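# Results of the structural survey
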Amino acid sequence: MRSKLEASSLRGQLNSAQYEAVTTHLGPLLVLAGAGTGKTRVITFRIASLLHEGVDPSSILAVTFTNKAAKEMKERVKELLGFHPKGITISTFHSLGVRILRTDSEALGLRTNFTIYDSSDQQSLLRGILRDIRGAVTSSDVRSVQSAISLAKNRFQDSDDLIDEAEDDWEILIARAFARYEEHLFSMNAVDFDDLIRLPVKLFKNNSEIRDKYQGQFRFVMVDEYQDTNGSQYRFTQSLVGAERNICVVGDDDQSIYGFRGAEMDKILKFERDFPGAKVIKLEENYRSTASILSLANRVISENSERYPKELKSTLGVGEPIEWVDTKDEPSEVDYVLRKISEIKRTTKARYEDFVILMRSAFQARPFEEKLRLRQIPYTLVGGQSYYDRKEIKDVLGYWNVLSNPHDDVSFLRIVNTPKRGIGPTAIKKLDTFARSKNISVYESIFFASQGQGDFPPRMRASLKLLAEAFAKARDFKEEEDYGQMCRTLLDEICYKEYLHELYPDPLTVQSRWAAVEELCRGVEKWQEDNPGQSFSRYMEALMLQTQDEQADDDRRGVTLMTLHSAKGLEFPVAFLVGTEEEILPHKKSIEQGDRAVEEERRLLYVGITRAQRRLFIVGAKERKVYGATRVRLPSRFLTEIGDFEHWVKEYYDPDAQVVTGDQTNFFLNQILQQGNQDQ
DNA sequence: GAATCACGCATTTTT
DNA sequence: TGCGTGATTC
């Protein structure tokens, strides 16, 4: 059998730009891969091609942002080669950072068994610090300090730098909080997510021996989604590249949508300056969307000033026209979308899975969810609040952590009074004292307390006993190694569902939160089926390492609802872009922040448009309730600014009756534009 | 220790 | 408008 990787065979499987990217192995290389141009294909072929040339797998490093991307890349390389290349590193920035620190962090005075603080651990720590410095603080203060610290870390600044730069009281407060925060982390032998990248860089800087070790190992470095790298990821990459300069970065400046998180897209724009003599290859042949969809995408994005000029070319036909409709209000926006879905479903072979409803902000999903439920149309909501930050997930995982590890006092203290069972600060103090005196964990102490030991008031003792019994019942199933039953029993015993009902009066909210809990339970059962004989602790470990997107893929049923951010990299035959109005897209905050932020919003629209393969619907409302009050809405500037509407617009929708087309559409839009001008 | 009230605020999100 | 937080009160 002739290898798929022989040069002659490669030419048949790749277009000429792709071929060149795949076969350029030496020196700096920038691949500008527009949406749908076969980016992943290029990366995987390139890795396979390097290996085919005899490059040692352990000298190849491919870095991605998400676990999902890393996993996909591994699978596709394996598929291409027919085996998994032993020793190759395909990993996320963060797990690579963890790996380096677990090996070498002692050079920084950090013990290698450090713990990693997640965003909510970070918040509670900061809340305490801020309260200490300034007294009362709001949660938005906490968040804003958190993000300031994170941005500073990613710019590679420390608290001293912030103090030097501080111009007002608020900035001084941030700097002081930052200093205290770092002290706390250090004394607890903990790091946060930003440190996972920043500390390895520091390590390399301080210790050239360690740096040389990694540089010597990774002779071929590849970075995916390069437009999303932030300052410290950039330095991290730079410091991994040795004198051979075999670095290949792949990305699309037009899809840089994480600026708010510190991503600096000028890094991709300045790659040629960083690596003089770099080869730049543009992938512009799009295999995903019809020509009319791409012409709109090209037109929209060409309004941006900061970008590499490029244009997506369709390999498919013109396709059907894009429909841009302006509905009366939010309910009719929802109606319109659902009607179109059923219409397309009726007239074509489309399944619900072929549709996606894309929105700028997660809250826009609400009315769609309600009506989809009402009509009993299956749907999956992706994104929104981070899965592991959701209260119900944190609660449940807290319980399970305790089951898995009775010594995990942090988890135990998190759940000891959730649901409320009358174990407040005083009870906890007593428990803690008791546990210390007996030299046992706090969790273990509740069993002694419920048997009458220690000094506890009767009511408190009764509450502790109930909790102890709940755990005892669950543990019976643990001995039988029926983990699913164990988890369900525990939740049952503590009346968790009832607790959710108390907490959230809205049955819809309860339903979705409880569904998430159910999903966790099913996950346990499925895992146990797949991994018979493994301990529950192993399951918890696996769970903590995976993220939501991995599990979401298989479970995606029905119509997909998601934010534009989480849609990047995906494609759907039919896409609805909803809420395409001023102050939603572009978002109000971005308008206030200025041109740079608005350009990022425009890229967000570009990402949205390029998700569609065959049909694209752009939908907005003429009025909408905003924080309770009904407001008149204007269409997004990104659509009105490009003019030449008839090219794309097929119909103008009015729920009250007639479909208006052609000139009248133009007339309506012109009117709006004039209104807009008068306002100024 | 828990219930109640009033207030302030309101993106996007991975690890 | 509705949620979550913090302070106040029982």
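Attention in this report is confined to the structure presented alongside it. The shown structure was predicted, so the numbers you read here are calculated from the model rather than taken from an experiment. (Residues numbered from 1 in each chain as written. Chains lettered and ligands numbered in written order. Predicted model: local features only at pLDDT ≥ 70, side-chain atom pairs only at ≥ 80, totals over all residues. Heavy atoms only, no water.)

## Comments concerning the sheet that holds strand β8 (residues 279-283)
This is how it is decided: The pairing criterion for strands is at least two bridges between them, as found by DSSP. Runs of E in the DSSP output that reach at least two residues are strands. Runs of H or I that reach at least four are helices, and both are numbered from the N terminus. A fitted line through C-alpha atoms represents every axis, and for helices the fit uses only the stretch in contact; the resulting angles, taken between N-to-C directions, go from 0 to 180 degrees. Two residues form a contact once any of their heavy atoms are found within 4.5 Å.
Read across the sheet, six strands follow the order β3-β2-β6-β7-β1-β8 without closing on themselves; strand pairing throughout is parallel. Two strands close off the open sheet at either side, each with one partner strand: β3 (89-92) and β8. For this sheet, the mean angle separating the axes of adjacent strands, direction not counted, is 15 degrees. Two strands pair when backbone bridges link them, and strand β6 (residues 220-223) and strand β7 (residues 247-251) are joined in this way by three bridges, in the parallel orientation. Note that in β7 the partner of Val221 across the bridge is Ile247. The strands that helix α2 (residues 16-23) touches are β1 (29-33) and β8; relative to β8, the one it contacts most, it runs at about 140 degrees. Sheet contacts for helix α5 (residues 93-104): β2 (60-64), β3 and β6; angle to β3, the most-contacted strand, approximately 110 degrees.

## What to know about the packing of helix α18 (residues 391-404) against helix α23 (residues 483-493)
Basically, it comes down to this: An angle counts as roughly parallel when it lies under 35 degrees, as roughly antiparallel when it exceeds 145, as roughly perpendicular when it falls between 65 and 115, and as oblique in every other case. Here is the rule for handedness: rotate from the far helix to the near one, and if that takes an anticlockwise turn smaller than a right angle the crossing is left-handed, while a clockwise turn gives right-handed.
Where α18 meets α23, the axes come as close as 11 Å, and the angle between the chain directions of the two elements is 120 degrees. With respect to α23, the element α18 is oriented oblique. Like other packed secondary-structure pairs, α18 and α23 cross with a definite hand, here right-handed. In this structure, α18 uses Val396, Tyr399, Trp400 and Leu403 to contact α23, whose residues at the interface are Met486, Cys487, Leu490 and Leu491.

## Some points on the side chain of Asn298
Structurally, Asn298 is set in helix α15 (residues 291-301). If we ignore the near neighbours within four places in the chain, the residues touching Asn298 are Glu311 and Leu312.

## What to know about a negative patch on the surface
Definition in use: Within the patch definition used here, like charges are joined within 9 Å and nonpolar side chains (Val, Leu, Ile, Met, Phe, Trp, Tyr) within 5 Å, considering only residues with over 30% relative accessible area and no salt bridge. Each accessible area value is a Shrake-Rupley result obtained with a 1.4 Å probe; residue values ignore everything except the protein chains displayed when judging cover. The term salt bridge refers to a pairing of a side-chain nitrogen on Lys or Arg with a carboxyl oxygen on Asp or Glu at a separation within 4 Å. In summary, the charge assignment counts Lys and Arg as positive and Asp and Glu as negative, without counting His or the chain termini. Charge positions come from single atoms, namely NZ of Lys, CZ of Arg, CG of Asp or CD of Glu.
A cluster of acidic residues, Asp158, Asp160, Asp164, Glu165, Glu167, Asp168, Asp169 and Glu171, forms a negative patch at the surface. Looking at the negative patch, the elements that each hand over two or more residues are α8 (159-165) and α9 (169-187). The dominant element in the negative patch, judged by the number of residues it contributes, is α8, at three residues. The residue Glu165 is located in helix α8 in this model.

## Details of the pairing of strand β18 (residues 629-632)
Pairing analysis gives four bridges linking strand β17 (residues 623-626) to β18, with the strands arranged antiparallel. If you follow Val626 over to β18, its bridge partner there is Ala629. Where β17 hands over to β18, the hairpin turn is made up of two residues, of which Tyr627 adopts a positive phi near 50 degrees.

## A word on helix α25 (residues 507-530)
Definition in use: Between the first and last residue of a helix there are one fewer steps than residues, each counted as 1.5 Å, and that sum is the expected span. Remark: exposure states derive from per-residue accessible area (1.4 Å probe, protein chains only) relative to the maximum for the residue type, with buried under 20%, exposed over 50%, and partly exposed in between.
Between its first and last C-alpha, α25 extends 34 Å over 24 residues, near the 34 Å set by a 1.5 Å rise per residue. Burial in α25 covers these residues: Leu508, Thr509, Val510, Arg513, Trp514, Ala516, Val517, Leu520, Cys521, Val524, Trp527 and Gln528.

## Notes on the packing of aromatic side chains
What counts here: Each aromatic pair joins two rings of Phe, Tyr and Trp (for Trp, the six-membered one) with centres within 6.5 Å, and gets the label stacked for planes under 30 degrees apart, edge-to-face for over 60, and tilted for any other angle. Charge-over-ring contacts are defined here by two conditions on Lys NZ or Arg CZ: a distance within 6 Å of the ring centre and an angle within 35 degrees of the ring normal.
The final tally for this structure, using the stated rule, is 20 aromatic pairs. Summarising the aromatic geometry, the rings of Tyr226 and Phe271 are spaced 5.9 Å apart at their centres and angled 85 degrees between planes, so their arrangement reads as edge-to-face. On the criterion of sequence distance, the pair formed by Tyr226 in the loop between β6 and α12 (231-240) and Phe271 in helix α14 (residues 271-274) is long-range, its members being 45 residues apart. Here the two residues Tyr226 and Phe271 agree in accessibility, since each one is buried. Taken together, Phe65, Phe93, Phe204, Tyr214 and Phe236 form an aromatic cluster joined through their ring pairs. The ring of Tyr19 carries Arg11 above its face, with NZ or CZ at 4.0 Å from the centroid.

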